[in-house]
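Here is what each chain is made of, one letter per residue.
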Amino acid sequence: MLDAVRGGRQITVYGDFDADGVCATSILVNAIRGLGGRCDWFIPDRIADGYGLNPDAIRALAERGSELVITVDCGVTAVEEVALAGELGLGIVVTDHHQPDAELPDCPILHPEICGYPFPQLCGAAVAAKLASRLRRDGGGNADDDEADLDLVAMATVADVMPLIGENRRLVRDGVAVARRARRPGMAALLEECRVTPDQLTAVDFGFRLAPRVNAAGRMYRADAGVELFLSDSAERAAEIAGELGAANGERRRVEREVLREAERVLAEQEDPGPAIVVAGEGWHPGVVGIVASRLVKAHGRPSVVIALEGDRGRGSARSVPGLDLHAAIGDAAEHLIGFGGHAAAAGVQIEAGQVDGFRSDLGEAVAARIGTDPVEPDIRFDIVAGGEDLGLGLAEELETLAPFGNANPGVSVLIPGARVTDLREMGDGKHCRFTIVSGANRAAGVCFGRNGFGLEEDDRVDVVAELGLNHWNGSVEARLNVREVVPVPEPGELAGCGPDEWWARFEGALAGAPEPFPRLAGAPDTGQEDGGPTRETFEWTGLPGVRIGELISSGEPVAILTADAVRRWRALGGRDGLARFDPGANVAGLWEGSPSGQAAAVTEAEVLLLDHATLARTGPSLLNRFPHVALLDPPATATELDAARAGAGWLHMVGGVDELEFAVRASGNRSDPTVELREVYGAIRACGAIDDGPGVAAETCRAALAGPPERPRSPERAALLVRVLEETGLLRTDGVGAGRVLGVVSSVKIELAGSPAFTAHIEQHKEQVRFLRRSNRTANSPTD
């Protein structure tokens, strides 16, 4: 290669029309010219030439006098094209990073995998930069130019979605530093066109601001405008080209919106689109169909193929959904295609216009066989759980130290549970939006790109998944959330209750005054904490309790949540789905006084268990032995309950605050003062027909009244207490056993609840519990919203 440079032979760098190919071409042309070589470049046209080495282009290069062709970002599978170049007298060297076939071209090849390079995941520009470095070293060039190439290497690595691990991580980090200095006129002009302040450039800007403009030229007009930009020594000329790229990107966005609008219209007209979206249209620009397919996937949760028709043929791009090998599914429908290629996540197809409907049908069947017919819900993934008090500059600056972010090293995703979105305003011509995220008593600024709203009411509680970063504006710096997903907080499902036989057996046992301490759960330990046993190490948390519980669950370790009222807390936390959203693979169970005995298996296998203090006191604290983490959401109301929470090895997380103390006081009142429930049950039994001194009605008829509403179920033991108090006050007469018991109300008796020993005992119990809560509570360390 150096012989060609020194011999004055004409060298052509054959590139590609995407950002990686443009950057690779610029790097190698600059290096060869810097050594005094005669070098030009060729970038194929996306539509006319297609990807990679093209026989017609090779013939044209030979005719115009090229003597040596060096490919960048292409060529490793071009066996026939390389052979043609040899027949035409063209020397050829291939540099590439794409997957090679079994047969390789008969020429020198620089490829990280083929050459056995220890890090095979380099992009095309990185491979070209290594070749350029070696040429400078052997040819007496300026070694400082190796570092100068890193701005283009970094942009290409991010734009080509290479994994930001290993050497790529270093290349991008160092390349960002080089780009921030903006010494390359073309890079400075591109930053100015993108309105990116050089010293605030990040790897994300490469992917979402700079590279799209370089790619847009290849999609819409001439890809080699990017090469000219990066090779230009003139700031004025660079500014002109950057403006051209900006205009091309604007045109790309306009055309993309038009094609997306037409694609949605075509989709709406289809009677049964099926499990896979396939839409086609005459005159659609083939340079944007891949982007439009991605938009359809995001909007509908289905794999999508968008086809640009020209006459009786069409070329299309396909995009997949998580969990589907789209390339394999297309293969099942390949009889309708002229050709196709790609991989599991994306593919390209060529098709005759008359085959589109058949392809749609067969592809739908192939997709349904693999993942079913339902749309794929957004994949909600997060790295940490945080509340509003965490979302400040401190955490944002810490997370920035983990940059650069990209493929295989994504930005840190933060889950903000149970938040509200307020003050929403559109921006960017209505394509994006900004808003305020309210979490507890704290607020944080948020933006979402590609959406102008979420269809929410102001008071809707939602989970927000976002990346927390730094926003520089008018000389100031603030923490800002770049929101990816907003999803409603799960609603709790129906609470499991006892069957009639178990319900009546437990009711009668409690009414007889000799119930078991708690219906024994199969597999539950029988012994409690022994004297002198271990006690848990205590941690006091500040902030929103729901956030801290989410953090504990997301750790993947077993967590028990202790509450004052498990039924109400289960519903408030969203039930099984609400708790499992912090760890989708976790086995979640709840346990309270009214739980059926069939709950035993779920409890003994649970990785997340929610129960109340009273239930734990009945079962014995050893039930929690296999839970290293116990979250004390509500404070206990008795010394026995406090001892049970502390018992065992592991950690006791005090997550509650003032609001949780007041909830515990109310829960004690609800449990110990049955006045309101007595009125409810008395009125409900009367409504069943057990009026005054009549014959009464069968208890089974009244069981729904005794058991309470589904959203607030009453245990058999609680129902027995209420019946006992009504009997002791003379308001109810009963006779018989179990479901055959007869109930009758007596309305002429003066109500004297204090005359019931059971009622009086519970009122005294409530007073003592409130005194204990007020005196010994140590968890009121944080007011909560």
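What you see is a predicted model; the values in this text were computed from it and never measured.

## Observations concerning the overall build of the protein chain
Secondary structure assignment for the protein chain yields 28 helices and 25 strands. Here the protein chain has a C-alpha radius of gyration of 35 Å; the compact-globule value for 785 residues is 28 Å, and the former is much larger. Taken over the C-alpha atoms alone, the protein chain extends approximately 115 × 55 × 45 Å along its principal axes. Going through the 785 residues of the protein chain one by one, you find that 51% of them count as buried. The long-range fraction of contacts in the protein chain, counting pairs at least 24 apart against all pairs at least 6 apart in sequence, stands at 68%.

## Topic: the packing of aromatic side chains
The final tally for this structure, using the stated rule, is 6 aromatic pairs. Here the aromatic rings of Trp503 and Trp504 are separated by 5.1 Å at their centres, their planes lie at 85 degrees, and the arrangement is edge-to-face. Taken individually, Trp503 and Trp504 each receive the classification buried, so the pair is uniform in this respect. Linked through ring pairs, Trp503, Trp504 and Phe507 together constitute an aromatic cluster. Here the guanidinium or amino end of Arg569 rests over the ring plane of Phe663, the centre of that ring lying 3.8 Å away.

## Things to note about the sheet that holds strand β1 (residues 10-14)
An order of β2-β1-β3-β4-β5 is seen for the 5 strands of this open sheet, with the pairing classed as parallel. Each edge of the open sheet is held by one strand with a lone partner, namely β2 (38-42) and β5 (109-110). In terms of strand pairing, β1 meets β2 through 5 bridges, oriented parallel. Looking at the pairing, Ile11 lines up with Cys39 of β2.

## Notes on the sheet that holds strand β17 (residues 537-540)
Read from one edge to the other, the open sheet built from 6 strands follows the order β17-β22-β21-β18-β20-β19, with strand pairing classed as parallel. What marks the edges here is a single partner per strand, and that holds for β17 and β19 (588-591). Direction aside, the axes of adjacent strands within the sheet are offset by 20 degrees on average. Pairing geometry for β19 and strand β20 (residues 608-612), over 4 bridges, is parallel. In the sheet register, Val588 faces β20, and the bridge partner there is Val608. Docked against the sheet, helix α18 (residues 545-554) engages β18 (559-563), β20, β21 (629-632) and β22 (651-654), running at close to 155 degrees with respect to β18.

## Observations regarding the environment of Gly657
In this structure, Gly657 sits in the loop between β22 and α24 (658-672). When its relative accessible area of 0% is taken as the criterion, Gly657 is described as buried. Between the C-alpha atom of Gly657 and that of Glu264, which follows or precedes it by 393 residues, the distance is 50 Å.

## Observations regarding the confidence of the model for the protein chain
Across the protein chain, pLDDT averages 85, with 93% of residues at or above 70. With pLDDT under 50 throughout, residues 514-530 is counted as low confidence; its partners more than four residues away or in other chains account for 35 contacts. Note that pLDDT drops below 50 for residues 779-785; the model gives that stretch 26 contacts with residues more than four away or on any other chain.

## Regarding unusual backbone geometry
The peptide bond linking Ala403 to Pro404 adopts the cis configuration, its omega dihedral lying at 5 degrees. With a phi close to 65 degrees, Asp73 is a non-glycine residue in the positive phi region. Its location among the elements puts Asp73 in the loop between β3 (68-71) and α4 (79-87). Even without being a glycine, Ala182 presents a positive backbone phi close to 50 degrees. Following the sequence through the fold, Ala182 ends up in the loop between α8 (166-181) and α9 (185-194).

## Section: the nonpolar core
By size, the foremost hydrophobic cluster in this structure holds 69 residues, and its most contacted members are Leu28, Ile32, Phe206, Leu210, Leu229 and Phe230. Tallying contributions element by element places helix α2 (residues 19-34) first for this core, with 9 residues. With residues up to four places along the chain from it excluded, the contact list for Phe206 reads Asp151, Ala154, Met155, Val158, Val176, Ala179, Met187, Leu201, Ala211 and Pro212. Core analysis: the next-biggest nonpolar cluster, separate from the first, contains 29 residues, Ala510, Leu678, Val725 and Leu726 among them.

## Overview of the pattern of salt bridges
With the rule as written, the count across this model stands at 37 salt bridges. Across the salt bridge formed by Asp390 and Arg548, the nearest N and O atoms sit 3.3 Å from each other. Linking Asp390 in the loop between β11 (384-385) and α16 (393-400) with Arg548 in helix α18, this pair joins segments that are 158 residues apart in sequence. Asp390 gets classed as partly exposed once you look at its relative accessible area, which sits at 24%.

Criteria and cut-off values
Residues numbered from 1 in each chain as written. Predicted model: local features only at pLDDT ≥ 70, side-chain atom pairs only at ≥ 80, totals over all residues. Heavy atoms only, no water. Helix = DSSP H or I, 4+ residues; strand = E, 2+ residues; numbered from the N terminus. Rg over C-alpha atoms; globule rule 2.2 N^0.38 Å. Buried < 20%, exposed > 50% of the residue type's maximum accessible area, 1.4 Å probe, protein only. Contact = heavy atoms within 4.5 Å. Phe/Tyr/Trp six-rings, centres within 6.5 Å; stacked < 30°, edge-to-face > 60°. Lys NZ or Arg CZ within 6 Å of the ring centre and 35° of its normal. Pairing = 2+ DSSP bridges. Axes fitted to C-alpha atoms, helices over the stretch in contact; angles between N-to-C directions. pLDDT = per-residue confidence, 0-100. Core = buried A, V, L, I, M, F, W, Y, C linked by side-chain atoms within 4.5 Å. Salt bridge = Lys/Arg side-chain N within 4 Å of Asp/Glu carboxyl O.

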